[in-house]
Amino acid sequence: MAVILTADEALEKAAELILAGNPIAVPTETVYGLAADATNGEAVARIYEVKGRPRFNPLIAHVSDMDMADAIGEFDPLSRLLAEKFWPGPLTLVLPLKAGARIHPLVRAGLDTIALRMPTGFTSCLIARVGRPLAAPSANSSGRISGTSAVAVDADLGARIALIVDGGPTPVGVESTIVKAEGEGLRLLRPGGLAAEEIEAAAGVRLERGKTAGLEAPGMMASHYAPGAKMRLNASAVSPGEALLAFGPARAKDAEGAKAVRNLSPKGDAREAAANFFSMLRELDATGAAVIAVEPIPAAGLGEAINDRLRRAAAPRDIEGASA
Ligand code: AMP
Ligand code: MG
């Protein structure tokens, strides 16, 4: 059961839990967040477990100051202007990931971009205290509404986390607005707690709305990493030249002939597999193998989200073959 502490008494306990790799619920100005160390893959995997999220979406990384933000994202002039004007606050900027940034690939769902936000209040103090960015989606189970009070978070997630920090009702009450610089312009990826008009007035450009042009196959959405190699799922044997994404102690037949092998979790643990998933997929893709064979991964726990992403990555890429 979660302990509920007020924001002025929770900092040390919260920091201790975060540094030990546990997600906790924290107040922000938008909604309560389910926060974990964004540099620790298993801590981020636990966010998905606690939420019961059936798929991996990229998460927002929260920072406490511009130095931390600059170590993670490449700011173009327009994004920097918006950060200077609206941070800390309910605005998230999607930026190219800086080389060497210590953000775990599971936070980015394998993408080369990162969604960054600087919150106010307790969460900002906590980030400064631990000296690490925090990944934090809304503190609610998948499919339920975002928690905007400690009581609401407790009713939903209290049995699954150790600490809820009570900062009172959240002032904004909806998620952050997400924008991304595109060339000279800006795209609104999600409307939220900062009005689009305010952003437009500050930036001096109109916000583009709607998705980018063209049909997108499953797994090819702008916010989804898709490998260049073809994916062959539930493989019980490996063909010569294929790369192998393995899971658990038992190997597919002819695994010795694989071009490269990565094992998501030799002991068959779904949380460890989730933490390794995007980096290993990328490593196998980088070998240039035309096909990545994937051993069966049980659907229990985080296996559901792993299988969801595998199916998207395996879906046909050409427009004709793409299902809606
Ligand atoms: P949540 O963490 O629940 O507030 O949701 C985060 C939102 O940010 C989702 O809608 C994501 O799709 C979006 N997002 C996070 N990172 C990226 C990114 N790198 N590119 C595009 N969208 C992103
Ligand atoms: Mg949410």
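Summarised in this report is the structure supplied together with it. (Residues numbered from 1 in each chain as written. Chains lettered and ligands numbered in written order. Predicted model: local features only at pLDDT ≥ 70, side-chain atom pairs only at ≥ 80, totals over all residues. Heavy atoms only, no water.)

1. Some thoughts on the environment of K180
You can see K180 is positioned in strand β9 (residues 177-182). When its relative accessible area of 27% is taken as the criterion, K180 is described as partly exposed. Expressed as a C-alpha distance, the spacing of K180 and G167, which sit 13 residues apart in the sequence, is 30 Å. Each residue touching K180, except ones within four places of it in the same chain, is listed here: V94, G185, L186, R187 and L189. (Helix = DSSP H or I, 4+ residues; strand = E, 2+ residues; numbered from the N terminus. Buried < 20%, exposed > 50% of the residue type's maximum accessible area, 1.4 Å probe, protein only. Contact = heavy atoms within 4.5 Å.)

2. Quick look at the site of ligand 1
As a structural note, the neighbourhood of ligand 1 is formed by R53, P58, I60, V94, L111, T113, I114, A115, P137, I178, L189 and R190. Within the side chain of R53, one N or O atom sits 3.1 Å away from an oxygen atom of ligand 1. Surface burial for ligand 1 is 82%, taken as the share of its 490 Å² of free accessible area covered by protein chains. Counting atoms within 2 Å of the grid points, the majority share of ligand 1 lands in the largest pocket. Sorting the residues of the shell around ligand 1 by element identifies β6 (113-117) and β10 (185-190) as the ones contributing at least two each. Ranked by the residues each element gives to the shell around ligand 1, the list is headed by β6, at three residues. When grouped by side-chain class, the residues that make up the shell around ligand 1 number nine nonpolar, one polar and two charged. (Near = heavy atom within 4 Å. Polar contact = N/O pair within 3.5 Å; in protein donor to acceptor, adjacent residues only side chain to side chain. Areas by Shrake-Rupley, 256 points an atom, 1.4 Å probe, with all protein chains shown as cover. 1 Å grid on protein atoms, 1.4 Å probe; cavity = no way out; pocket = protein on both sides within 12 Å on 5 of 7 lines; lining within 4 Å. Sits in = over half its atoms within 2 Å of the grid points. Nonpolar A, V, L, I, M, F, W, Y, C, P; charged D, E, K, R; others polar.)

3. Topic: helix α8 (residues 196-203)
Turning to α8, its buried residues number three or more, namely A196, I199, E200 and A203. Down the axis of α8, the smallest arc covering the buried residues is 100 degrees, so these residues share one side. The outward face of α8, more than 90 degrees from its buried face, is lined by the exposed residues E197 and A201. At its buried positions, α8 is contacted by α4 (77-86), β5 (91-96), β9, β10 and β11 (207-208). Among the residues trailing α8, G204 stands out with phi positive, at a value near 75 degrees. (Arc of directions from axis to C-beta.)

4. Overview of α4
Residues of α4 that are buried: L78, S79, L82, A83 and F86. Buried residues of α4, seen end-on, are gathered within an arc of 140 degrees and therefore sit on one face of the element. Opposite the buried face of α4, at more than 90 degrees from it, the exposed residues are P77, E84 and K85. Contacts from the buried residues of α4 go to α3 (66-70), β5, β9, β10 and α8. N-cap assignment for α4: the residue whose side-chain oxygen lies 3.2 Å from the backbone N of L78 is D76.

5. Notes on the environment of R251
Along the chain, R251 turns up in the loop between β13 (243-246) and β14 (261-263). Along the sequence, R251 and G89 sit 162 residues apart, while their C-alpha atoms lie 49 Å from each other. At a separation of 2.8 Å, a polar atom in the side chain of R251 contacts the main-chain carbonyl oxygen of G248. Separated by 2.9 Å, the side chains of R251 and E295 make a polar contact.

6. As for the sheet that holds strand β12 (residues 230-232)
Here we have four strands laid out as an open sheet, ordered β12-β15-β13-β14, and parallel in their pairing. Each edge of the sheet is formed by a strand with only one pairing partner; in this case those strands are β12 and β14. Looking at each pair of strands side by side, their axes are set apart by 20 degrees on average, direction ignored. As defined by bridge partners, β13 adjoins strand β15 (residues 291-294) across three bridges and the pair is classed as parallel. The residue bridging A243 from the neighbouring strand is I292, located in β15. (Pairing = 2+ DSSP bridges. Axes fitted to C-alpha atoms, helices over the stretch in contact; angles between N-to-C directions.)

7. Side note on the nonpolar core
Counting 93 residues, the largest nonpolar core has L116, L126 and L245 as the members making the most contacts within it. Top element by residues in this core is helix α9 (residues 270-286). It accounts for eight residues. The residues contacting L126, other than those within four sequence positions of it, are L11, A14, A15, I18, I24, V26 and L134. Core analysis: the next-biggest nonpolar cluster, separate from the first, contains eight residues, V238, L244, A252 and A258 among them. (Core = buried A, V, L, I, M, F, W, Y, C linked by side-chain atoms within 4.5 Å.)

8. Quick notes on the pattern of salt bridges
As enumerated under the stated definition, the model contains 19 salt bridges in all. Residue R160 pairs with D156 through a salt bridge whose shortest N-O separation is 3.9 Å. D156 gets classed as buried once you look at its relative accessible area, which sits at 11%. For the salt bridge of R251 with E295, the shortest nitrogen-to-oxygen distance reads 2.9 Å. Of this pair, R251 sits in the loop between β13 and β14 while E295 is found in the loop between β15 and α10 (303-314), placing the two residues 44 residues apart along the sequence. One network of salt bridges, with partners in common, ties together R55, D308 and R312. (Salt bridge = Lys/Arg side-chain N within 4 Å of Asp/Glu carboxyl O.)

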